[in-house]
Amino acid sequence: MDDSTPGRRERKRQQTADLLAEKALELFEVHGYEAVTMEQIAAAADVAKGTLYNYFPVKEALLRHYFHQQIAATAPELTARMKRTPDAIERIRVLLRHAANWSEKHRRYWPHYLQYRIANLRGSDEERSGLEAVFFRVLGDAQEAGRLRADRDIATLVHYFQFLYLGVYTRWLATPGCKLEDEFMTMLDLFLAGAGGNAK
């Protein structure tokens, strides 16, 4: 197999994209997100500026790639933890606690990531984080266990859950002192029980 084969080319492209995102994060950590330029990122990665722009048109795209790279890297451990959790709803809580813990450590980047993520909701499969597949799995398990209503298809449940999930981040970022894990648990309670309560 040589460098012209599709598999080899795709692996090389992925490795380059990962390197660019990692170098960008190193610079963001040292100089601050706003201060770093695309030219600095290209220089740190030892690539031409045109090469960087071929992979990532803006800094936010680099941030998205890094976030999604981290999601993929932590997925095996998270999946193992969820498998050790017998209750279907508790598995969703495990997932949300994991997301909260990671996000709190990267809070300063979330405004930039979230704005870009919402502006590009119709991104390609390559640009997706992989969380949608996880949501399908954990919500599907809960539905099969009788913990979620069966008169709505799983794609509908996942669609609304995803937007509630993103909505939690907007509140977290806009509210001083807001604890992300607490907000996730509130969102899950509303998703499971509904917001109507005893209202007529």
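See the structure above.
What comes next concerns the included structure. As the structure is a computational prediction, the values presented were derived from the model and not from experiment.

1. Considerations on the overall build of the protein
Check the secondary structure of the protein and you find nine helices and zero strands. When the helices and strands of the protein are placed in sequence order, the string is α-α-α-α-α-α-α-α-α. When its C-alpha atoms are laid out on the principal axes, the protein stretches across 60 × 45 × 30 Å. In the protein, buried positions account for 39% of the 200 residues. For the protein, the proportion of contacts with a sequence separation of at least 24, taken over those separated by at least 6, is 63%. If you sum the accessible surface of the protein, you get close to 11,700 Å²; carbon and sulfur atoms cover 51% of it.

2. Describing helix H7 (residues 131–144)
With 14 residues, H7 extends 20 Å from end C-alpha to end C-alpha; this agrees with the ideal 20 Å at 1.5 Å per step. Residues of H7 that are buried include every one of Leu131, Val134, Phe135, Val138, Leu139, Gly140, Ala142 and Gln143, and no others. Among the structural elements, helix H4 (59–83), helix H5 (88–105), helix H8 (154–174) and helix H9 (180–193) are those in contact with the buried residues of H7.

3. So, the pattern of salt bridges
Throughout the structure, instances matching the rule amount to eleven salt bridges. A salt bridge links aspartate 151 to arginine 149; the nearest nitrogen and oxygen atoms lie 2.7 Å apart. Look at aspartate 151 and you get partly exposed, because its relative accessible area is 47%. Given the relative accessible area of 49%, arginine 149 is considered partly exposed. A salt bridge links arginine 152 to aspartate 151; the shortest N-O distance between them is 3.5 Å. The class of arginine 152 is partly exposed, set by a relative accessible area of 41%.

4. Structural notes on H4
End to end, H4 covers 36 Å across 25 residues, agreeing with the expected 36 Å (1.5 Å per residue, within 8%). Along its length, H4 reaches its greatest deviation from straightness, about 45°, at alanine 75, and the proline proline 76 lies no more than four positions downstream. Where H4 is concerned, the buried positions are Lys59, Ala61, Leu62, Leu63, Arg64, His65, Tyr66, Phe67, His68, Gln69, Leu78 and Met82.

5. A word on the nonpolar core
Counting residues in each nonpolar core, the largest one holds 58 residues, and the members touching the most others are Tyr165 and Phe184. Secondary-structure elements contributing two or more residues to this core are helix H1 (6–31), helix H2 (38–45), H4, H5, helix H6 (110–119), H7, H8 and H9. Those residues within four positions of phenylalanine 184 in sequence are excluded, and the remaining contacts are Leu96, Ala99, Ala100, Tyr165, Val168 and Tyr169.

6. Some words on the environment of histidine 159
Looking at where histidine 159 falls in the secondary structure, it is placed in helix H8. A C-alpha to C-alpha distance of 19 Å links histidine 159 and glycine 146, two positions 13 residues apart in sequence.

7. What about the environment of tyrosine 160?
Among the structural elements, tyrosine 160 can be located in helix H8. Classification of tyrosine 160 by relative accessible area gives exposed; the value is 53%. As a C-alpha pair, tyrosine 160 and phenylalanine 191 span 31 residues in sequence and 8.9 Å in three-dimensional space.

8. As for the packing of H8 against H9
For the pair H8 and H9, interaxial distance at closest approach is 10 Å and the crossing angle is 145°. For the crossing formed where H8 meets H9, the hand is right-handed. Where H8 approaches H9, its residues Leu157, Phe161, Leu164, Tyr165, Val168, Tyr169, Arg171 and Trp172 are matched on the opposing element by Leu180, Glu183, Phe184, Met187, Leu188 and Phe191. Per-class residue counts for the contact of H8 with H9 are twelve nonpolar, no polar and two charged.

Rules used throughout
Residues numbered from 1 in each chain as written. Predicted model: local features only at pLDDT ≥ 70, side-chain atom pairs only at ≥ 80, totals over all residues. Heavy atoms only, no water. Helix = DSSP H or I, 4+ residues; strand = E, 2+ residues; numbered from the N terminus. Buried < 20%, exposed > 50% of the residue type's maximum accessible area, 1.4 Å probe, protein only. Contact = heavy atoms within 4.5 Å. Areas by Shrake-Rupley, 256 points an atom, 1.4 Å probe, with all protein chains shown as cover. Expected span 1.5 Å × (residues − 1). Salt bridge = Lys/Arg side-chain N within 4 Å of Asp/Glu carboxyl O. Bend = angle between axes of the 7 residues up to and from the residue. Core = buried A, V, L, I, M, F, W, Y, C linked by side-chain atoms within 4.5 Å. Axes fitted to C-alpha atoms, helices over the stretch in contact; angles between N-to-C directions. Left-handed = near helix turned anticlockwise from the far one by under 90°. Nonpolar A, V, L, I, M, F, W, Y, C, P; charged D, E, K, R; others polar.

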